[in-house]
Amino acid sequence: MLHAVTPIEIPVKQLAWATDLHLGFVVPELLERAIESFAKAPADAFAITGDISDGRYLEHHLSLLAEAIRKPLFLLLGNHDRYHTSFAEAEKLVKRVILNHPQMHRLTGKEVIGLSAKTALLGIDGWADGESGSGSASPVTLNDMIYINDLAKLSRAAQWKQIAKWSRAYTETVRPTLERAMGSFEEVILLTHVPPLPEATWHEGQISGPDFLPHFCNANLGRVIRECCTRHRATRLTVLCGHTHSAGDYEEENLVIHTAGAIYGSPRVDRAISIP
């Protein structure tokens, strides 16, 4: 289990990455096969960037994953992982699973993991900023606002304020960690759930429209990423994210962002990444 001691050395040559598994949508007779496929991925570590399940089944599904993937497993939570529960309760159940599976590592934005002498890994859940695109004027209502207990009882205006508060808090948590990592390694991998730039917020091959960007982009994190990339031009930063269910890649100078696609009921490994 990872603690707030940095850097932490966990040697990795091949990292398998998956996101938006939504295991609650997988029919029971296919769930075991899907999890077995993750365990057989040609990699010696595994990363999942959120939306593993929903709050009702998250503990069960995390346990199944941990029992099958008997190698370092780095994970984040996404918005769906808090459905039918709360932020605090979701963290409690993750901690219960980790107690029995020490190879599972919950990334909180405070850890720098040295995968090799050249490459570091860190991760933060992140949250949509509620401010991109049309911001709080967006007429779109996501299920987050209905099914996450921390939001469900709030007014519409209060929901937007809370969403923006979460986005800023996650960003400020990871800011010094990202700075340390980029100042110490040649390659840095940042795991997060929500795309950090509008240019990486894909929807069916296009950038999400202005009414959807407040729910699908974390531009707060994007600003910090760009600042760090400018200060550390010799370091290459790779961001792995999901959330939009539409795949796309965005690159500028020493930054590349891979946004993975996903299909409900068909979880898969997006790619295996060779670690230099």
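This text follows the structure it describes.
Below, the structure is looked at part by part. Since the model is a prediction, treat every value here as computed from it, not as a measurement. Chains are numbered independently. Their residues run from 1 in the order of the written sequence. Under the rules for a predicted model, residues below a pLDDT of 70 receive no local features and side-chain atom pairs below 80 are neither given nor counted, while totals for whole chains, interfaces and linings still include all residues. The basis for every side-chain value is the complete set of non-hydrogen atoms in the structure, without hydrogens or water.

1. Brief notes about the sheet that holds strand S2 (residues 14-18)
Then comes step 1: Pairs of strands are assigned from DSSP output, requiring at least two bridges between the strands. Strands here are runs of E lasting at least two residues and helices are runs of H or I lasting at least four, both read from the DSSP assignment and numbered beginning at the N terminus. Read from one edge to the other, the open sheet built from 5 strands follows the order S5-S4-S3-S2-S14, with strand pairing classed as mixed. At either margin of the open sheet sits one strand with a lone partner, and together these are strand S5 (104-106) and strand S14 (271-274). Along the sheet, successive strands turn relative to each other by an average axial angle of 25°, direction set aside.
Then comes step 2: Two strands pair when backbone bridges link them, and S2 and strand S3 (residues 45-49) are joined in this way by 4 bridges, in the parallel orientation. For Trp 17, the partnering residue across the bridge sits in S3 and is Ala 47. Where helices are involved, their axes are fitted lines through C-alpha atoms of the stretch in contact, as for all axes, and angles between N-to-C directions lie from 0 to 180°.

2. With respect to the pattern of salt bridges
Then comes step 1: Salt bridges are counted wherever a side-chain nitrogen of Lys or Arg sits within 4 Å of a carboxyl oxygen of Asp or Glu. A complete count under the given rule lists 17 salt bridges for this structure.
Then comes step 2: Between Glu 172 and Arg 175 there is a salt bridge, with its nearest N and O atoms 2.8 Å apart. Taken as a pair, Glu 172 and Arg 175 lie in helix H6 (residues 156-184) at a separation of 3 residues, close to a single helical turn.
Then comes step 3: A simple rule labels every residue: compare its accessible area, found with a 1.4 Å probe on the protein chains alone, to the largest value its type can have, and call it buried under 20%, exposed over 50%, or partly exposed in between. By relative accessible area, which is 29% here, Arg 175 ends up partly exposed.
Then comes step 4: A salt bridge links Glu 227 to Arg 175; the nearest nitrogen and oxygen atoms lie 3.2 Å apart. Here the residue Glu 227 occupies a position in helix H8 (residues 219-231), and Arg 175 occupies one in helix H6, the gap between them amounting to 52 residues.
Then comes step 5: Look at Glu 227 and you get partly exposed, because its relative accessible area is 34%.
Then comes step 6: The network of salt bridges with common partners includes Arg 82, Glu 91, Arg 106 and Asp 125.

3. So, unusual backbone geometry
Then comes step 1: Although it is not a glycine, His 243 adopts a positive phi angle of roughly 75°.
Then comes step 2: Looking at where His 243 falls in the secondary structure, it is placed in the loop between strand S11 (236-241) and strand S12 (248-252).
Then comes step 3: On the basis of relative accessible area, His 243 is assigned to the buried category, the value being 8%.
Then comes step 4: For His 245, which is not a glycine, the phi torsion comes out positive at approximately 65°.
Then comes step 5: Residue placement: His 245 occurs in the loop between S11 and S12.
Then comes step 6: Relative accessible area serves as the criterion here: at 19%, His 245 is assigned to the buried category.

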